[in-house]
Amino acid sequence: MALMTPEQFEQSLKARKPRVFMNGKLVENILENRNTRTVVEANKASYEWALDPRYKDIMSCHSPLIDDVVNRYTHVSASTDDLMKKAEAGTFTAETLGTCIYRCVGYDTFHALAGTTWEMDKDLGTAYHPRFLEYLKMVQREDLSVAGALTEPRGKRSQKTLDWPDPFLSLKVVDKNDDGIFVRGAKINISGAYASHELVVLPQSSHVQGEEDYAVAFATPTDAPGITYVCQYSAYSAERDGADDLEELGNPRFGQRETSLVIFDKVFVPWNRVFHCGEVKYSAKFVTRFAKTHRMTCGGTCKVGFMNQIIGACSLIQEYKGLEKVSHINDQLTEMVVLRETGRACGMAAAIKGKEDPPGSGVYLPDEVMGNVAKLNICNSFWRVMALAGDIGGGLVVTMPSLKELKNPEVKDYVNEFYSFGSDEPTENIMKVHKLLQNWTAGQHGVGTWHGAGPVMAQKIALQRVVKFDREKDIVKHTLKLKEKVHS
Ligand SMILES: Cc1cc2nc3c(=O)[nH]c(=O)nc-3n(C[C@H](O)[C@H](O)[C@H](O)COP(=O)(O)OP(=O)(O)OC[C@H]3O[C@@H](n4cnc5c(N)ncnc54)[C@H](O)[C@@H]3O)c2cc1C
C-alpha cells in the first residue's frame, strides 16, 4: 500500500529544508515554529484519515495508475462517483480541521493537468501527458503532499502582460537548456506550501502570441534552490506566538489559515517536470479546468464544513444562554442551515453533473455552471453566516478576556462567576466556544472565502461565458408561438 503513516509524513518533512521567513525572521524549523506547525498538523491529519477505518473510504481510493490504494488528494477523478467523494472529502476535511484544506489546490491542479496535457498531446503531438502521468505515479507511490499555485501577483490589470514595467509580475521562463527550464516570478497567496513536499505551478491567465514565456506549468520540490517563502503574519499569528498554552486559542491544533508569498528566483525545473511550455493557446484551458474543479471545492464543500463549526458553536451558545425557545435565534440557526445546505447542494450538483473533460481523456471535472454558482453563492452566504453568528454570540465574541484569567488567582472567581451565564457549564467551555467563534467571525475567513478560488467577478465572467440564453428564448417563443423574424 502506498500510504504513509502520519509519523512517516512528519519524518519526511524533516528531510526538506524550505527557506521560510515569518515576521522578519528566518523560520529555522517549520515543524517547531508554532504558526507553520499548524499547516504541518493539518497535512498530517490527512495521512491519519487515509488509514483510519472510519474515514478511509472518503480519504483514500484505488488508483488504476499504480494499482494501489492512494490518498484521495493524489487521485484524478475518473467518474462522477469520484467527484462526489471529492466533495465529501472536502466537507469532512474542512469541518474537522476548522481551517484550510491545504492539499486541495494541488489536488485540483492534477485535474487541470491530466486533461489539458492529454489534449495538447492529441492536438500538437507533444509528449506532456505521459510525462505528467509518470510524475503523478511518483506522487502516488511516495504518497506526497502537493500544493498548487496559479502564479501572480500580476501588474496593472488595465495593461497587457508584456506592457508591465516588471516582466516578472507573472511567473515566466527566463532560460532553457537541454536539461530543463529556469523560471522567475512569484505567487502571493499560496496555502500551506512550505509544509508540502511538492508544488505544482499553473499559468494564472490566458496567454497570447508573444507571451510564450509565461505559458508554463511545472512541478518542483518545495525546497528547490531559488524558492523562498515569506509567510503571512497577522494578529492571530502573534497571538499563537505569544500564547502560554495553545488550548487558549480558537483553533488550538490547526490554527486560522496560513499562506505565504512564494518566490521563484531562477528556479531550475528539469524537463520531466515541465507540463506546458510556450503553447499559449492552452494556458486558458489549464486555468479554466482548474477553476472548474476548485470552485466546486471552495464553494460547495469546504465552506459547508466551516459552516458546520460555526453552526455548532452558535447552537452551544444558544444552550448556554438558555435561548433554546427564542424564535429569532431559531430562525437564525435555520437560516444558517439553509445557506449551508444550499452550498452543499451546489457542490453535489456540480459533482453529479460532472463530465469527462476533455471528452476521451478519462478525466472528470465538475459542471462549470454549478461549480461557479457554488462559489458565487458561498461568497455571499459565508458573510451572512458570520453576521448571524456574531448576533447569536453577542459582544463577548470580540470582548472576551484571555482564558488565562481562569488561572489568575486575582480574578478567576469573578471570571467564573460572570461568564457562566448562570449555567452549570464549566466557564472554560463557554469561553472556548466564544473563542472559536471569534476565530471564525473576526479573523481572516471572510476575505479568505471571498477571494480563494477567485472573487465574485471571476465567477460572473465564467457564468456569462458559459450560459447562453438561446434555450430560454426558445421556451418563450414556443409558449407564445412567436412568429419567425421578417427578413428584409
Ligand atoms: C486565503 C487564501 C488562500 C489562497 N490560496 C491559494 C493557493 O493555494 N493557490 C492559488 O493558486 N491561489 C490561492 N489563493 C489566491 C486566490 O486565488 C486569489 O487571491 C484570487 O485569485 C484573487 O486574486 P487577488 O487576491 O489578486 O485579488 P484581485 O484579483 O486583485 O481582486 C481584487 C479586486 O479587483 C478586481 N479585479 C481584479 N482584476 C480585475 C480586472 N482585470 N478587471 C476588473 N476587475 C478586476 C476583482 O474583481 C476584485 O474586486 C488564495 C487566496 C486566499 C485569500
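Being a predicted model, the structure only gives us computed values, none of them experimental. (Residues numbered from 1 in each chain as written. Predicted model: local features only at pLDDT ≥ 70, side-chain atom pairs only at ≥ 80, totals over all residues. Heavy atoms only, no water.)

In this section: a nonpolar patch on the surface. Residues I475, V476, L480 and L482 make up a contiguous nonpolar surface patch of about 360 Å² in total accessible area. Inspection of the secondary structure puts I475 in helix α16 (residues 470–480). Owing to a relative accessible area of 41%, I475 belongs among the partly exposed residues under this scheme. (Patch = residues over 30% accessible without salt bridge, like charges linked within 9 Å, V, L, I, M, F, W, Y side chains within 5 Å. Areas by Shrake-Rupley, 256 points an atom, 1.4 Å probe, with all protein chains shown as cover. Salt bridge = Lys/Arg side-chain N within 4 Å of Asp/Glu carboxyl O. Helix = DSSP H or I, 4+ residues; strand = E, 2+ residues; numbered from the N terminus. Buried < 20%, exposed > 50% of the residue type's maximum accessible area, 1.4 Å probe, protein only.)

The geometry of two aromatic rings is summed up by the distance between their centres and the angle between their planes. This structure, assessed with the given rule, holds 13 aromatic pairs. For the pair Y55 and F92, a centre-to-centre distance of 4.5 Å together with 35 degrees between the ring planes defines the contact as tilted. Linking Y55 in the loop between α2 (34–51) and α3 (56–59) with F92 in helix α4 (residues 80–97), this pair joins segments that are 37 residues apart in sequence. An angle of 85 degrees between the planes, with centres 5.6 Å apart, marks the rings of F132 and F275 as edge-to-face. Pair noted here: F132 is in helix α6 (residues 128–142) and F275 is in strand β12 (residues 274–277), with a separation of 143 residues, a long-range link. Owing to a relative accessible area of 0%, F132 belongs among the buried residues under this scheme. One aromatic cluster is present, built from ring pairs that chain together F110, F132, Y135 and F275. Its guanidinium or amino end placed over the ring of Y107, K86 lies 4.6 Å from that ring's centre, counting from NZ or CZ. Lying over the aromatic face of F168, R184 brings its terminal NZ or CZ to 4.6 Å of the ring centre. (Phe/Tyr/Trp six-rings, centres within 6.5 Å; stacked < 30°, edge-to-face > 60°. Lys NZ or Arg CZ within 6 Å of the ring centre and 35° of its normal.)

Another point: the sheet that holds strand β6 (residues 172–176). Spatially, six strands are ordered β2-β1-β10-β11-β7-β6 in an open sheet, and the strand pairing comes out mixed. Either end of the sheet is taken by a strand with one partner, and the two such strands are β2 (25–26) and β6. Pairing geometry for β6 and strand β7 (residues 180–191), over four bridges, is antiparallel. Bridged to V173 within β7 is V183. (Pairing = 2+ DSSP bridges.)

The next point concerns the site of the ligand. The full set close to the ligand counts 19 residues, and L150, R154, R157, K187 and S191 are the nearest of them. One of the side-chain N or O atoms of R154 is found 2.8 Å from an oxygen atom in the ligand. Contact with the protein chains hides 65% of the accessible area of the ligand, taken as 960 Å² for the molecule alone. Considering every element that reaches the shell around the ligand, the biggest residue donor is β7, with four residues. By residue class, the composition of the shell around the ligand is seven nonpolar, seven polar and five charged. A domain split of the shell around the ligand shows at least three residues from each of domain 1 (7–285) and domain 2 (299–474). (Near = heavy atom within 4 Å. Polar contact = N/O pair within 3.5 Å; in protein donor to acceptor, adjacent residues only side chain to side chain. Nonpolar A, V, L, I, M, F, W, Y, C, P; charged D, E, K, R; others polar. Domains from an automatic or database assignment.)

Attention now goes to the pairing of strand β8 (residues 198–202). Two faces make up the sheet, and in a regular strand the side chains alternate between them. The buried fraction of β8 amounts to five of the five residues, a majority that puts the element mostly inside the structure. By the bridge criterion, five bridges tie strand β5 (residues 146–150) to β8 in an arrangement that is parallel. Along β8, the bridge assignment pairs V146 with E198.

Glancing now at the environment of R72. By the element assignment, R72 lies in the loop between β4 (68–71) and α4. Note: C-alpha distance between R72 and Y107 (35 residues apart in sequence) is 8.4 Å. Apart from residues no more than four positions distant in its own chain, R72 is found in contact with D57, I58, M59, S60, C61, D82, K85, K86, A89 and Y107. Polar contacts involving the side chain of R72 include one to the main-chain carbonyl oxygen of S60, which spans 3.3 Å. (Contact = heavy atoms within 4.5 Å.)

A separate point is the domain arrangement of the protein. Segmenting the protein into domains produces domain 1 (7–285) and domain 2 (299–474). Taking the mean C-alpha position of each, domain 1 and domain 2 sit 25 Å from one another. Residue-level contacts link 37 residues of domain 1 with 39 residues of domain 2. Carbon and sulfur atoms supply 58% of the area that domain 1 and domain 2 bury against each other, a total of about 2,900 Å² over both sides. Where E239 meets K435, a salt bridge forms, and the shortest distance between an N and an O atom there is 2.6 Å. Inspection of the domain 1/domain 2 interface yields 11 residue pairs in polar contact (both at pLDDT 80 or more). Mapped onto the side of domain 1 that touches domain 2, the elements with two or more residues apiece are α4, α5 (104–124) and α7 (235–242). No other element matches α4, which puts 10 residues into the side of domain 1 that touches domain 2. Residues of the side of domain 1 that touches domain 2, tallied by class, amount to 13 nonpolar, 16 polar and eight charged. (Buried area = accessible area lost by both parts, 1.4 Å probe.)

This next bit is on the nonpolar core. Ranked by internal contacts, the top residues of the largest apolar core, which has 102 residues, are F110, Y135, V183, L199, L202, F264 and M336. Among the domains, domain 1 (7–285) and domain 2 (299–474) are the pair contributing at least three residues each to this core. (Core = buried A, V, L, I, M, F, W, Y, C linked by side-chain atoms within 4.5 Å.)

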